[in-house]
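Residue strings, one per chain:
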Protein chains: 2
Amino acid sequence: MSFFTSNIEFVLVETSHPGNIGAAARAMKTMGLNQLRLVTPKVYPSAEATARAAGADDILAGASVTDSIRSAIGESTLVLGTTARERSEKWPIHAPRAAAQLVMKEIENGGKVSILFGRERSGLDNQELASCHQLIRIPVNPDYSSLNLAAAVQVIAYELRLISQSENLQDTDKESELASMGDQDALLEQLDHVMQETGYLELDHPGLVRFHLRRLLLRAVPTSKEIKMLHGILRAIRKHL
Amino acid sequence: MSFFTSNIEFVLVETSHPGNIGAAARAMKTMGLNQLRLVTPKVYPSAEATARAAGADDILAGASVTDSIRSAIGESTLVLGTTARERSEKWPIHAPRAAAQLVMKEIENGGKVSILFGRERSGLDNQELASCHQLIRIPVNPDYSSLNLAAAVQVIAYELRLISQSENLQDTDKESELASMGDQDALLEQLDHVMQETGYLELDHPGLVRFHLRRLLLRAVPTSKEIKMLHGILRAIRKHL
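Residues numbered from 1 in each chain as written. Chains lettered and ligands numbered in written order. Predicted model: local features only at pLDDT ≥ 70, side-chain atom pairs only at ≥ 80, totals over all residues. Heavy atoms only, no water.

Observations regarding the packing of helix α11 (residues 206-220) of chain A against helix α12 (residues 206-220) of chain B
Across the interface, α11 of chain A lies against α12 of chain B with an axial gap of 7 Å and an inter-helix angle of 100 degrees. One way to sum up the angle between α11 of chain A and α12 of chain B is to call them roughly perpendicular. Each of L216, R219 and A220 of chain A in α11 of chain A lies in contact with α12 of chain B, whose residues at this interface are L216, R219 and A220 of chain B. Along the lines of polarity and charge, the residues of the contact of α11 of chain A with α12 of chain B split into four nonpolar, no polar and two charged. (Axes fitted to C-alpha atoms, helices over the stretch in contact; angles between N-to-C directions. Helix = DSSP H or I, 4+ residues; strand = E, 2+ residues; numbered from the N terminus. Parallel < 35°, antiparallel > 145°, perpendicular 65-115°, else oblique. Contact = heavy atoms within 4.5 Å. Nonpolar A, V, L, I, M, F, W, Y, C, P; charged D, E, K, R; others polar.)

Quick word on the interface of chain B and chain A
Facing the 58 residues of chain B at the interface are 60 residues of chain A. Between chain B and chain A, the buried area comes to about 5,000 Å², and carbon and sulfur atoms account for 64% of it. Connecting chain B to chain A are two salt bridges. A salt bridge links E159 of chain A to R97 of chain B; its shortest N-O distance comes to 3.2 Å. Our count for the contact surface shared by chain B and chain A stands at 19 residue pairs in polar contact (both at pLDDT 80 or more). Sorting the residues of the side of chain B that touches chain A by element identifies α2 (18-30), α3 (47-53), α6 (96-108), α8 (149-165), α9 (171-175), α10 (181-197), α12 and α13 (224-239) of chain B as the ones contributing at least two each. If one sorts the elements of the side of chain B that touches chain A by residue count, α8 of chain B sits on top with eight residues. (Buried area = accessible area lost by both parts, 1.4 Å probe. Salt bridge = Lys/Arg side-chain N within 4 Å of Asp/Glu carboxyl O. Polar contact = N/O pair within 3.5 Å; in protein donor to acceptor, adjacent residues only side chain to side chain.)

Topic: the sheet that holds strand β5 (residues 93-94) of chain B
Residue and element names in this part refer to chain B. Strand order in the open sheet formed by seven strands is β3-β2-β1-β6-β4-β7-β5, with parallel pairing between adjacent strands. Two strands bound the open sheet, and with one partner strand each, they are β3 (64-66) and β5. With five bridges connecting them, strand β1 (residues 8-13) and strand β6 (residues 113-117) associate as parallel partners. Bridging from a neighbouring strand, F10 pairs with I115 of β6. Most of the contacts of α6 go to strand β4 (residues 78-82), to which it runs at about 165 degrees, and overall it touches β1, β4, β5, β6 and β7 (134-136). Taken strand by strand, α8 contacts β1, β6 and β7, and its axis lies near 170 degrees from that of β1. (Pairing = 2+ DSSP bridges.)

Considering the domain arrangement of chain A
Domain parsing of chain A yields domain 1 (2-174) and domain 2 (181-240). Centre-to-centre, using C-alpha coordinates, domain 1 of chain A lies 45 Å away from domain 2 of chain A. (Domains from an automatic or database assignment.)

Some words on the sheet that holds strand β5 (residues 93-94) of chain A
Whether parallel or antiparallel, the strands of a sheet pair through hydrogen bonds between backbone atoms. Residues and elements named next belong to chain A. In space, the seven strands of this open sheet follow the order β3-β2-β1-β6-β4-β7-β5, with parallel pairing throughout. Edge positions in the sheet fall to β3 (64-66) and β5, since each has one partner strand and no second. Contacts from helix α2 (residues 18-30) reach β1 (8-13) and β2 (35-39), with the element oriented near 160 degrees to β2. Its contacts with the sheet place helix α6 (residues 96-108) against β1, β4 (78-82), β5, β6 (113-117) and β7 (134-136), and it is angled at close to 165 degrees to β4.

Topic: empty space enclosed by the protein
For the structure on display, the rule yields four cavities of 30 Å³ or more. Of the voids in this model, the largest cavity is the one considered here, and its volume is about 530 Å³. Along its surface, the largest cavity is lined by 22 residues, and L191 and L230 of chain A together with L191, L216 and L230 of chain B are the ones closest to its centre. A per-class count over the lining of the largest cavity returns 22 nonpolar, no polar and no charged. (1 Å grid on protein atoms, 1.4 Å probe; cavity = no way out; pocket = protein on both sides within 12 Å on 5 of 7 lines; lining within 4 Å. Points joined across faces, edges and corners; volume = space filled by probe spheres on them.)

This is the structure we're talking about:
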């Protein structure tokens, strides 16, 4: 996962409360992220930041402090800004889950991503938003949208962790091409023979069983290697029936 | 959404830091949740809790304080406990997304749900876990799993908000609750027996076969109904071997 962690950078812009910086570092580390940049924090370094970071003080120690967004995001190929606004005419706004997909795609293509988090009270200003390619908005209660800065960091980092793990799962898919529908049909047919030979299909509603098995297989999006393995298992079973 | 908000209760058990109680209230309110219960908090009420709650002090004002879990969850039909442990033999453990589906289903069926959050350092004790029907585990960095209490509240509340807003749940998910990791493990174990009894595992690299089968199953995100069906098929096979 190191290509993942080292190519996503969280940038906190003019944070007022050092406690939030510490809590953000902790939130990032729990989700396996470690690249933190601070743009002109109000109070930093700070004992409060270190205290709230708990065991994530290594993230703080490694955090670079700069006085401009430009230098913070200099190497990034994709810059996303977090916003509380519902609409924007100038930038596409994504929910965290969709944004996480964008981020993964960018990194898989060799890019580097910065995610900007604005001031506690006022967020990112227009000039800072102008540095962003796209925006992320966490869906909140319209009657109370006051998400804490570290809580926003936690939610985005959580979605990134989920997607980085599911992408890792899909790495297996890349090893081998996906199974064709014909391959899947042949497997289900072989399984059908086994279910008939063992009497399983008499017990239940055969049509429903076949339907559920097909759906399960479709959802798994198996590779042809995996289908071959399942065929092998069924062949071994049929030899012993 | 009022049926949603009034039937989900977050229960904080023996919280040490009042700041975390305030931050948890704020996290809940940003996601449209408002039912908070506190079981023997160490320091409460507290100016720090109120300060960290920001504008969510109404959640604090409405929070009931009790001295036992039993009275806190008395009216609930489904009790979920949050845990940092990877495995449990006694309770099914769900990821937040799957747990949110469980919660919605329970509420749609007229139930009431309590979600328990344990102490900052030690979580829920065994007796408290015994009050839970199922557990929730937020996927974290295995090298640093120290999620802040309010951050955990934020992640769970976020998933609940997403699911309460998405009307188009995948139809497969609606049919049946998702299988727990324990259910999946038990199925893979049964399959392992079949592969041993038929000699399949001798043919290949057993570790690799098990690895691929587990990944395939994980990717399919099976429901417990589907797992039961697969168990039935394997049982029928084993009878005939």
